[in-house]
Amino acid sequence: MTRAEFEKNRRRFGDDIEAWPAPFRRQALEFLAPQANADPDDVLDGLVREAALVEEDGALARKVMARIDRSAARPSLVPSFLVAPAGIAACAAAVLVAATVAGYQVARLEDQPQDSELLALASGERLPDDGSSAIIPDPGEEDSL
Amino acid sequence: MADEASRGDDELLARIAAGSQAALSALMARHGRGLRTFAARYLGHAADAEDVVQEVLVTVWKQAARFDPEKGRASTWLYRITVNRCIDQRRRRALRNFFGLDDLVEEPAAQEADAEAATAAKQELAIVRDGLSRLPARQRMALLLRAVGELDIGAIAEVMGASAGSVEQLLVRGRRALRDHLADAAAGRERKSS
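Predicted model only: the values in this text are computed from it and were never measured. (Residues numbered from 1 in each chain as written. Chains lettered and ligands numbered in written order. Predicted model: local features only at pLDDT ≥ 70, side-chain atom pairs only at ≥ 80, totals over all residues. Heavy atoms only, no water.)

> So, the overall build of chain B: which residues are in play, and what are the values?
Helix and strand content of chain B: 10 helices and 0 strands. Listing every helix and strand of chain B by position from the N terminus yields α-α-α-α-α-α-α-α-α-α. Scored against the burial criterion, the 194 residues of chain B give a buried share of 48%. A separation threshold of at least 6 residues defines the contact pool for chain B, and within that pool the share at least 24 residues apart is 61%. (Helix = DSSP H or I, 4+ residues; strand = E, 2+ residues; numbered from the N terminus. Buried < 20%, exposed > 50% of the residue type's maximum accessible area, 1.4 Å probe, protein only. Contact = heavy atoms within 4.5 Å.)

> Lay out the side chain of Asp48(B) in plain terms, naming residues and giving numbers.
Topologically, Asp48(B) is positioned in helix H4 (residues 46-63). Classification of Asp48(B) by relative accessible area gives buried; the value is 8%.

> Outline the packing of aromatic side chains, listing residues and values.
Summed over all chains, the structure comprises 7 aromatic pairs over all chains. Geometrically, the ring pair formed by Phe6(A) and Phe31(A) is tilted, given 5.3 Å between the ring centres and 35 degrees between the ring planes. Within this pair, whereas Phe6(A) is found in helix H1 (residues 3-13), its partner Phe31(A) is found in helix H2 (residues 22-32), the two being separated by 25 residues in sequence. For Phe31(A), a relative accessible area of 16% gives the class buried. When the ring of Phe38(B) is compared with that of Tyr42(B), the centres are 5.9 Å apart and the planes differ by 0 degrees; the resulting orientation is stacked. Of the two residues, Phe38(B) and Tyr42(B) are both situated in helix H3 (residues 21-43); the distance of 4 residues between them amounts to about one turn of the helix. (Phe/Tyr/Trp six-rings, centres within 6.5 Å; stacked < 30°, edge-to-face > 60°.)

> Could you give me a rundown of the nonpolar core, with the residues and numbers involved?
The biggest cluster of nonpolar side chains holds 66 residues, and the ones touching the most others in it are Leu13(B), Ile16(B), Leu24(B), Phe38(B), Val60(B) and Leu145(B). It is H3(B) that contributes the most residues to this core, 11 residues altogether. Filtering out sequence-adjacent residues up to four positions away, Leu13(B) remains in contact with Leu27(B), Val60(B), Ala64(B), Phe67(B), Ala74(B) and Trp77(B). The next biggest cluster of nonpolar side chains, apart from the first, holds 5 residues, and it includes Phe6(A), Ile17(A), Ala28(A) and Phe31(A). (Core = buried A, V, L, I, M, F, W, Y, C linked by side-chain atoms within 4.5 Å.)

> A description of helix H5 (residues 74-98) of chain B should follow, citing residues and the corresponding values.
Residue and element names in this part refer to chain B. With 25 residues, H5 extends 36 Å between its outermost C-alpha atoms, agreeing within 8% with the 36 Å of an ideal straight helix rising 1.5 Å per residue. Turning to H5, its buried residues are Ala74, Ser75, Thr76, Trp77, Leu78, Tyr79, Ile81, Thr82, Val83, Cys86, Gln89 and Arg93. Looking at the buried residues of H5, the elements they touch are helix H2 (9-17), H3, H4, helix H8 (137-147) and helix H9 (153-160). Directly after H5, the chain includes Gly100, whose backbone phi takes a positive value near 70 degrees. (Expected span 1.5 Å × (residues − 1).)

> Break down H1(A) for me, citing the residues and quoting the values.
For H1(A), the set of buried residues is Arg3(A), Ala4(A), Phe6(A), Glu7(A), Lys8(A), Asn9(A) and Arg10(A). Buried positions along H1(A) lie against H2 and helix H3 (40-52) of chain A together with helix H7 (120-134) and helix H10 (164-193) of chain B. Following H1(A) by one or two positions, Gly14(A) has its phi on the positive side, about 105 degrees.

> Before we move on, can you summarise the interface of chain A and chain B with the specific residues and values?
Contact residues are listed per partner, giving 33 residues for chain A and 42 residues for chain B. Here chain A meets chain B over a buried area of about 3600 Å², counting both sides, of which 61% is carbon and sulfur. Considering only the side of chain A, the residues that lose the most area to chain B are Val54(A), Leu60(A) and Arg67(A), jointly responsible for 16% of the buried surface there. Our count for the chain A to chain B interface comes out at 9 salt bridges. Residue Glu150(B) is joined to Arg49(A) by a salt bridge in which the shortest nitrogen-to-oxygen separation is 3.6 Å. At the boundary of chain A and chain B, one finds 11 residue pairs in polar contact (both at pLDDT 80 or more). (Buried area = accessible area lost by both parts, 1.4 Å probe. Salt bridge = Lys/Arg side-chain N within 4 Å of Asp/Glu carboxyl O. Polar contact = N/O pair within 3.5 Å; in protein donor to acceptor, adjacent residues only side chain to side chain.)

> Quick one: what's the story with the pattern of salt bridges, residue by residue and with numbers?
Working definition: two side chains of opposite charge can pair if their charged atoms are close together. The full count for this structure, using the stated rule, is 17 salt bridges over all chains. For Arg10(A), the salt bridge goes to Asp15(A), with nearest N and O atoms at 3.8 Å. Residue Arg10(A) is classed as buried on the basis of its relative accessible area of 18%. Asp48(B) is the salt-bridge partner of Arg93(B), the closest N and O atoms lying 2.6 Å from each other.

> Could you give an account of unusual backbone geometry, naming the residues involved and the relevant values?
Positive phi is not limited to glycine here, since Glu150(B) has a value of about 55 degrees. Looking at where Glu150(B) falls in the secondary structure, it is placed in the loop between H8 and H9.

> Lay out the packing of H5(B) against H8(B) with the relevant residues and their values.
Residues and elements named next belong to chain B. Interhelical geometry of H5 versus H8 gives an angle of 155 degrees and a closest axis separation of 13 Å. Here H5 lies roughly antiparallel to H8, going by the angle between them. Crossing hand, H5 versus H8: right-handed. Along the contact surface, H5 presents Tyr79, Val83, Ile87 and Arg90, while H8 presents Ala137, Arg140, Met141 and Leu145. (Axes fitted to C-alpha atoms, helices over the stretch in contact; angles between N-to-C directions. Parallel < 35°, antiparallel > 145°, perpendicular 65-115°, else oblique. Left-handed = near helix turned anticlockwise from the far one by under 90°.)

> I'd love a proper account of the environment of Ala186(B), names of residues and values included.
Within the secondary structure, Ala186(B) is located in helix H10. Distance from Ala186(B) to Ile127(B), taken between C-alpha atoms, is 9.5 Å for residues 59 residues apart in sequence. Among residues more than four places away in sequence, those in contact with Ala186(B) are Ala4(A), Glu5(A) and Lys8(A).

Structure follows, in structure tokens:
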């Protein structure tokens, strides 16, 4: 019996192995005999440990040492916080804020002619072709002052 | 080297902080495989795991002086760095996948289960690996820290930045899901053979 078969039978017949049908009970008890006193969670953890194992890579130490030597031989000119994800995010945020402010400034400059055009439209004046202000002071108004 | 191997982790870290490469080699010999196993099974990519473990050990080399034995065990500190690097690596991978820069997907463990049918024991291990790869990331992390890192509940909680209660919950759910997966695989095999 394998662990998988044991778990399948446990789901089928319940946690109490003594209540299992005889042939399954015998197999289960044989399966559990070597680990009779072990905690079932520990047994499963052992299986996970065994299943998780990866091939030993003897080159790990060599590669780490090479990386350490490389980083020691080539000191970076860029501050380390700038290459970290948080540093990159901070730089991106700063660029975004600068672009937004610059956008507002440009838009404000372009607002001026638009305002005068709207005012001309409201007062029923024709817009001059040379781009000068459309609002011409009323001569009568000047005299009255 | 034999001398370094007999030292405790705390002492090795103190010597690494003082610039001893022999101490780093001894620490790698002791924990390198565990860290690599954890990273490989958590990330599902051997190459990413290799990168992560190299990064972790370079970090240990540079920051060994920051380890304080009063605050916890060396293995907890090592796994904490590894967990943080693994999370960063998963985010990078997800971002690359999102922008279509990467066509790598998680290892198809189910195929591995089919390919590795030489013996019942091997097949069972393949089924466990398959089950592990299907667990939610935090359940998988908790189970691997327990089984591979052999950390206790308190240490796992510290590594994961969670409470002991939630780690216990993660372990209970992860083990239950793994048992269910084993049972399903056995039932599937039985159906196939009949």
